[in-house]
Amino acid sequence: MAYKDYYKILGVSKNASEDEIKKAFKKLARKYHPDVSKEPGAEERFKEINEAYTVLSDPEKRRFYDTYGTAAGSGQWQGPPPGQGGFGGFGGNVGDFSDFFQQLFGNLGGRGGFGGFGDLFDAAGPGARRMGADLEAELPLTLEEAYRGGEKTISIGAERITVRIPPGVREGQKIRLAGKGRAGGDLYLHIKLQSRPEMRLEGDDLYTVVEVPAPIAVVGGKVRVQTLDGPVEMTIPKRTQAGRKLRLSGKGWPRKDKSRGDQYAEIRITIPTHPGPEEERLYAELAKLVRVS
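A brief structural summary. (Residues numbered from 1 in each chain as written. Predicted model: local features only at pLDDT ≥ 70, side-chain atom pairs only at ≥ 80, totals over all residues. Heavy atoms only, no water.)

## Focus on the overall build of the chain
Helix and strand content of the chain: 8 helices and 12 strands. Out of the 293 residues in the chain, the part that is buried amounts to 39%. Counting every atom, the chain has about 16,400 Å² of accessible surface; 50% of that belongs to carbon and sulfur. (Helix = DSSP H or I, 4+ residues; strand = E, 2+ residues; numbered from the N terminus. Buried < 20%, exposed > 50% of the residue type's maximum accessible area, 1.4 Å probe, protein only. Areas by Shrake-Rupley, 256 points an atom, 1.4 Å probe, with all protein chains shown as cover.)

Encoded structure:
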């Protein structure tokens, strides 16, 4: 049977580090994942990538492959020497692995167990951590997704699963998917909140950046502020300076006692990038009134 060059499949050298192997796998898995790739043969390519990573990411399997892989691919393989076997009892799907893999490792055998196609949740996003039959993985959520809750579809290998997210879920909380781990174990999703420069969460309080036109900052007025419940109007006091924080009471993150934190609008003063003739005239008049020290 044909020899499988797992290093070539992942595009790494034979002395590649564990980190290099993992990075190569992540890049290729995202490119060829069946839920993403439109390329012909993407699913088979993904299986091949997954098989290569299964071997090269495990130090014991990698050493075994480096030692006996060529012989297995040449058809001269007679099984491991005494004391070098022990690769029995994999829990994967036979169709997910090549004949070469099965010949070398013995009917999908492998110490520590293996979940088959798409073993790492990492193939569809963040990487799963092995914990016996259970798996753990990060579930990234925007602040809006975490606040509202609802349903989110994720991919685990070739399987798509709908996850129910409780409203107001917090960073580090876990969602348990029973039976979705390895060999009947569970999958635990760790919530990872994704803040962004214009909206971030600190404790129970939300901080947002609000752009205020310079004239309104001087004379006061109203601007629209984005909250988790949608846009609201906020009054800007006269002579508001850049960097000032204005509080929107009860617009922050939900607490266990049903109350909420606050939202703080951080003022960023803006000037027009393409002022019209009348605007330029008025700014010129204003400039004449500015005292130069």
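## Topic: the side chain of Ser-98
Relative to the elements of secondary structure, Ser-98 occurs in the loop between helix H4 (59-74) and helix H5 (99-105). For Ser-98, a relative accessible area of 16% gives the class buried. For Ser-98, the side chain forms a polar contact with the side chain of Glu-51, separated by 2.7 Å. What Ser-98 contacts, discounting residues up to four positions off in sequence, is Lys-4, Tyr-6 and Glu-51. (Polar contact = N/O pair within 3.5 Å; in protein donor to acceptor, adjacent residues only side chain to side chain. Contact = heavy atoms within 4.5 Å.)

## Looking at the sheet that holds strand S11 (residues 245-248)
A sheet is described by the order of its strands in space; here 4 strands give the open sequence S7-S8-S12-S11, paired in mixed fashion. What marks the edges here is a single partner per strand, and that holds for strand S7 (199-202) and S11. Adjacent strand axes in the sheet meet at a mean angle of 30°, parallel and antiparallel pairs treated alike. Pairing of strand S8 (residues 205-213) with strand S12 (residues 263-270) involves 8 bridges; the strand directions are parallel. Its bridge partner lying in S12, Val-209 is registered against Glu-266. (Pairing = 2+ DSSP bridges. Axes fitted to C-alpha atoms, helices over the stretch in contact; angles between N-to-C directions.)

## Some points on the packing of helix H2 (residues 18-32) against helix H3 (residues 42-56)
Axis separation between H2 and H3 bottoms out at 9 Å; the angle between their running directions is 165°. Comparing their axes, H3 and H2 come out roughly antiparallel. Considering how the two elements wind past one another, H2 and H3 form a crossing that is left-handed. Contacts between H2 and H3 pair Ile-21, Lys-22, Phe-25, Leu-28, Ala-29 and Tyr-32 from the former with Ala-42, Arg-45, Phe-46, Ile-49, Asn-50, Tyr-53 and Leu-56 from the latter. When its residues are assigned to classes, the contact of H2 with H3 shows 10 nonpolar, 1 polar and 2 charged. (Parallel < 35°, antiparallel > 145°, perpendicular 65-115°, else oblique. Left-handed = near helix turned anticlockwise from the far one by under 90°. Nonpolar A, V, L, I, M, F, W, Y, C, P; charged D, E, K, R; others polar.)

## Observations concerning the pairing of S12
Here S11 pairs with S12 via 4 bridges, running antiparallel. Its bridge partner being in S12, Arg-247 is matched across the sheet by Tyr-264.

## Re the pattern of salt bridges
The full count for this structure, using the stated rule, is 23 salt bridges. Here Glu-44 and Lys-47 are joined by a salt bridge, their closest N and O atoms 4.0 Å apart. Of this pair, Glu-44 and Lys-47 both sit in helix H3, 3 residues apart, which is roughly one turn of the helix. Residue classification places Glu-44 among the exposed residues on the basis of a relative accessible area of 52%. Accessibility expressed as a relative area gives 16% for Lys-47, which makes it buried. With a closest N to O distance of 3.4 Å, Lys-192 and Glu-171 form a salt bridge. In this pair, Lys-192 sits in strand S6 (residues 187-194) while Glu-171 sits in the loop between strand S4 (159-165) and strand S5 (174-177), placing the two residues 21 residues apart along the sequence. Residue classification places Lys-192 among the partly exposed positions, given a relative accessible area of 37%. Its relative accessible area of 43% is what places Glu-171 among the partly exposed residues. Sharing partners across several salt bridges, the network here consists of Arg-200, Glu-202, Lys-245 and Glu-266. (Salt bridge = Lys/Arg side-chain N within 4 Å of Asp/Glu carboxyl O.)

## Quick notes on a nonpolar patch on the surface
Taken together, Ile-271, Tyr-283, Leu-286 and Leu-289 make up a surface patch of nonpolar side chains, about 430 Å² in accessible area. In this structure Ile-271 comes out as exposed when scored by relative accessible area, which is 62%. (Patch = residues over 30% accessible without salt bridge, like charges linked within 9 Å, V, L, I, M, F, W, Y side chains within 5 Å.)

## Quick notes on the nonpolar core
Counting 26 residues, the largest nonpolar core has Tyr-6, Leu-10, Leu-56 and Tyr-65 as its most contacted members. Among the secondary structure elements, those contributing two or more residues to this core are helix H1 (6-10), H2, H3, H4 and H5. Aside from chain neighbours lying at most four places away, what touches Tyr-65 is Tyr-3, Lys-4, Asp-5, Tyr-6, Tyr-7, Val-55, Leu-56, Phe-100, Leu-104 and Phe-105. Core analysis: the second largest hydrophobic core is formed by 23 residues, Leu-189, Ile-191, Leu-193 and Met-199 among them. (Core = buried A, V, L, I, M, F, W, Y, C linked by side-chain atoms within 4.5 Å.)

## Topic: unusual backbone geometry
In this structure, Arg-239 is a non-glycine residue whose phi angle is positive, near 55°. Tracing the backbone shows Arg-239 in the loop between strand S10 (230-236) and S11. Exposure remark for Arg-239: the relative accessible area of 61% places this residue in the exposed category. The phi angle at Lys-258 is positive, at roughly 80°, despite the residue not being glycine. Position of Lys-258 relative to the elements: it lies in the loop between S11 and S12. On the basis of relative accessibility, which here comes to 76%, the residue Lys-258 falls in the exposed class.

Any link to function would need more than the numbers given here.
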